[in-house]
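Each chain, written out:
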Amino acid sequence: QKEVEQNSGPLSVPEGAIASLNCTYSDRGSQSFFWYRQYSGKSPELIMFIYSNGDKEDGRFTAQLNKASQYVSLLIRDSQPSDSATYLCAVNRLDSNYQLIWGAGTKLIIKP
Amino acid sequence: ETGVTQTPRHLVMGMTNKKSLKCEQHLGHNAMYWYKQSAKKPLELMFVYSLEERVENNSVPSRFSPECPNSSHLFLHLHTLQPEDSALYLCASSQDLRGGEDTQYFGPGTRLTVL
């Protein structure tokens, strides 16, 4: 059983719409959640992290965390073609003080 | 140079070759990581170093040998690799090892092809 699950996509969203990316995790006690963006052929770069239940907004990006349901989402408002990338979800591993459990990523395509 | 740098960016090697990947971080961080990324698979953590001391070796085959001479530099020595070792090798660093409190910053990666 995968510990962090993401729909591999591709998720196709028209330009200007809201893109919604979802991630579920299995360790109920996980405390820290990260969203990374990875352009094709590039390395992952951190977009947002969230620790508390609820929403966290940063510009066009909003992370949503629901620990009871064990999912974390990333919303991208006013999607731009430059948002086309693979989005990786990562969750801290409870039995380690530094390891993250990574999802395989969701490929997002923003259509002009 | 800023952030995390890696060289070479691309490497093609035969199964009998010996090569090394280099990573350097310019962020003043204390922890460094090697990851393997294969297509459509989650990132696989290979090694972790904290203040030049190895703290994790995730059952990685001995044909991969890490070296951390100081907190800014990390190497991955490769020998007698297999074609299935072809992947993107990513180096990352973080301020310390504090689980979810320390953001990991990635280098651009080395695209390795083993023939």
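Residues numbered from 1 in each chain as written. Chains lettered and ligands numbered in written order. Predicted model: local features only at pLDDT ≥ 70, side-chain atom pairs only at ≥ 80, totals over all residues. Heavy atoms only, no water.

Draft legend 1. Local environment of the sheet that holds strand S8 (residues 71-76) of chain A. Residues and elements named next belong to chain A. Across the sheet, which stays open at both edges, the five strands sit in the order S1-S3-S8-S7-S6 with antiparallel pairing between neighbours. Of all strands in the sheet, those bounded by a partner on one side alone are strand S1 (4-5) and strand S6 (54-58). Judged from the six bridges that link them, strand S3 (residues 19-25) and S8 form a sheet pairing that is antiparallel. Opposite Ser 20, over in S8, you have Leu 75 as the bridge partner. (Pairing = 2+ DSSP bridges. Helix = DSSP H or I, 4+ residues; strand = E, 2+ residues; numbered from the N terminus.)

Draft legend 2. Region of the structure containing the sheet that holds strand S8 (residues 73-79) of chain B. All names here are of chain B. The four strands lie next to each other as S1-S3-S8-S7, forming an open sheet whose pairing is antiparallel. Since the sheet does not close on itself, it has two edges, and those belong to strand S1 (4-7) and strand S7 (64-70), each with one partner. Strand-to-strand, the axes of this sheet are offset by a mean angle of 20°, without reference to chain direction. When strand S3 (residues 18-25) meets S8, the two strands line up antiparallel, connected through seven bridges. When the sheet's bridge partners are listed, Lys 22 is paired in S8 with Phe 75. (Axes fitted to C-alpha atoms, helices over the stretch in contact; angles between N-to-C directions.)

Draft legend 3. Spotlight on the pairing of strand S4 (residues 31-37) of chain B. Residues and elements named next belong to chain B. Of all seven residues in S4, seven are buried, a share of seventy percent or more. Here S4 shows no split at all, with Ala 31, Tyr 33, Tyr 35 and Gln 37 on one side and Met 32, Trp 34 and Lys 36 on the other all buried. In terms of strand pairing, S4 meets strand S5 (residues 44-50) through six bridges, oriented antiparallel. Of the residues in S5, the one forming a bridge with Ala 31 is Ser 50. Connecting S4 to the next strand, S5, in antiparallel fashion are six residues, including Lys 40 with a positive phi near 60°. Note: S4 against strand S9 (residues 87-94), seven bridges, orientation antiparallel. Paired with Lys 36 across the two strands is Tyr 89, which belongs to S9. (Buried < 20%, exposed > 50% of the residue type's maximum accessible area, 1.4 Å probe, protein only.)

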